[in-house]
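Topology and contacts: notes
Here is how the chains run, residue by residue.
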2 protein chains.
Amino acid sequence: MVNKEVNDNTRERILIAAKKVFLLKGMAGARMQDIADEAGINKAMLHYYYRSKEKLFEMIFEEALAQFFPKIVDIIDSGIPLFEKIALFCSEYIDMMLKNTYLPLFVLNEVNKQPEYFKERFWKGKNSLFEKFAAEIAAEIKGRRMKNINPAHLFINMISMCIFPFIAKPLWMMSTNMDELQFRGFMEQRKTEIPKFIIESIKK
Amino acid sequence: MVNKEVNDNTRERILIAAKKVFLLKGMAGARMQDIADEAGINKAMLHYYYRSKEKLFEMIFEEALAQFFPKIVDIIDSGIPLFEKIALFCSEYIDMMLKNTYLPLFVLNEVNKQPEYFKERFWKGKNSLFEKFAAEIAAEIKGRRMKNINPAHLFINMISMCIFPFIAKPLWMMSTNMDELQFRGFMEQRKTEIPKFIIESIKK
DNA sequence: GTCTATAACTCGATAGAC
DNA sequence: GTCTATCGAGTTATAGAC
């Protein structure tokens, strides 16, 4: 009983440490020693619980993907009106990234570095991610409730404006002389600024 | 004389090979052996010409920064009217990235991985990158030629929509079932779609 | 300048004591 | 379950012949 608890505790602490190190340094840059230090244990333990660096990485990557994607799908698949949907998406997605600043760059970087690995291992039956969204926009256009715009462009415009600032964060902070707190404030503003900017452009 | 030419030739071939490998795999993921293979020579030559992996990386990184930045500054500092400036920026910048697909992710990733190193080594007196742009927008707003919008948001909206698709390229191609050629066509469209989208939103 | 061989070192992984 | 010690593969870097 006591062992079980200690076990779970260590297992969990390794995961937390690994997440921190992998998200900061990526698969290629992370060291098992860094993770062990961060977790306050020694290297052998990492292998005892997770066999190899790759297995440990997969755990973290899978968890990261689970955070990165479902939010998108859930909101887009919901039944609320398009303009509200856009506002909700931006707000929720930016909120999630404010709690996980390194998540977007980590995911996109690893997908770029090993696209085949990602495709086979993690990309199963997710082909039609934004088809529903595209159909909804087509309907709005046909009903003359918004301007004619290619849904693909609208979709990636929205995503770009939400995610990119987190990817360019250090560069952006240098360019604007923002500190951590000001950056967070800036992203808080964007929760409403982005929807406003989009809707202003597409409304009739 | 002959030696000099051979020298230059090898030096140059190493740079080209190193650029390819570093941009694809990043500093942490790149191997000196990969670069040597790509250049069709052996590892010792790399050290003969560039001393160390880090020195070689700095060369490539510096060159990458030179491509990534000046285009922005030049156009933004030019005297053309704001709306044309936005159109020109998007077109030129996307064009540059179409020729260097991996450039944005490479630069932003390395800056994120080593922000201090970047700041000290490469960020000298570039603080006011978009101040001029902000001032110009402020003038337009005051002159009632466009809607009231925070210049910082407008600026990063524009940059985000141009750069992000390249960073999310593999994921985007999977989501939309695009092939390489279709992706290029899509980005060609965006050269005009993005300015249209922006101007539609801010014009009065 | 270019190559082969190898030194020096880093890092993931394992053995074995407790 | 946890630790120390160490192995062995892989990598950067150098020595030395040509």
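These lines cover the structure that appears in this document, whether it is placed above or below. Only a predicted model underlies this, so the values are computations on that prediction, with no experimental measurement involved.

Focus on the overall build of chain A
If you tally the helices and strands in chain A, you get twelve helices and zero strands. In chain A, the succession of α and β elements from N to C terminus is α-α-α-α-α-α-α-α-α-α-α-α. Considering only C-alpha atoms, chain A reaches an extent of 65 × 45 × 35 Å along its principal axes. The contacts of chain A with a sequence gap of at least 6 include a subset with a gap of at least 24, amounting to 68%. A total of about 9,900 Å² of accessible surface is found on chain A, and carbon and sulfur atoms cover 53% of it.

A closer look at the packing of helix α7 (residues 103-113) of chain A against helix α10 (residues 151-167) of chain A
All names here are of chain A. Two elements in contact, α7 and α10, have axes separated by 8 Å at closest approach and are oriented at 95 degrees. Comparing the axis directions of α7 and α10 gives the class roughly perpendicular. Note on element contacts: α10 touches α7 through I163, F166 and I167, opposite P104, L105 and L108.

Focus: the pattern of salt bridges
The final tally for this structure, using the stated rule, is 27 salt bridges over all chains. The closest approach of N and O atoms between E136 of chain A and K85 of chain A, which form a salt bridge, is 2.7 Å. Placement of E136 of chain A in helix α9 (residues 131-142) and of K85 of chain A in helix α6 (residues 82-99) is noted, with a sequence separation of 51 residues between them. Each member of the pair, E136 of chain A together with K85 of chain A, is buried. The shortest N-O distance in the salt bridge between E193 of chain B and K196 of chain B comes to 3.5 Å. In this pair, E193 of chain B and K196 of chain B are both assigned in helix α12 (residues 180-202), three residues apart and thus about one turn of the helix distant.

A look at the relation of the copies chain B and chain A
Placing chain B over chain A gives an RMSD of 0.1 Å and needs a rotation angle of 180 degrees, together with 0.0 Å of translation along the axis. Here the two chains are linked by the operation of a two-fold rotation axis. In terms of proximity to the rotation axis, the leading residue of chain B is S201 of chain B, whose C-alpha is 2.0 Å off the axis.

The rules behind these values
The numbers attached to residues start from 1 for each chain and follow its sequence in the written order. Chains carry letters from A onward and ligands carry numbers from 1 onward, assigned in written order. Whole-chain, interface and lining totals are the exception, using all residues; otherwise, since this is a predicted model, local features are given only for residues with pLDDT of at least 70 and side-chain atom pairs are given and counted only at 80 or more. Side-chain measures were taken over the full set of non-hydrogen atoms in the model, leaving aside hydrogen atoms and water. Secondary structure follows DSSP: runs of H or I at least 4 residues long count as helices, runs of E at least 2 residues long count as strands, and numbering of each begins at the N terminus. Every residue pair with non-hydrogen atoms within 4.5 Å of one another is taken to be in contact. Computed with a 1.4 Å probe, the accessible areas rest on the Shrake-Rupley method; for each residue, only the protein chains presented here act as cover. Orientation is described by axes fitted as lines to C-alpha atoms, over the contacting stretch for helices, and by angles from 0 to 180 degrees between their N-to-C directions. For classification, angles of less than 35 degrees are called roughly parallel, those exceeding 145 degrees roughly antiparallel, those between 65 and 115 degrees roughly perpendicular, and all remaining angles oblique. The salt bridge criterion pairs a side-chain nitrogen of Lys or Arg with a carboxyl oxygen of Asp or Glu, the two atoms within 4 Å. Remark: exposure states derive from per-residue accessible area (1.4 Å probe, protein chains only) relative to the maximum for the residue type, with buried under 20%, exposed over 50%, and partly exposed in between. Copy-to-copy alignment: least squares on C-alpha atoms, limited to residues at pLDDT 70 or above in both.

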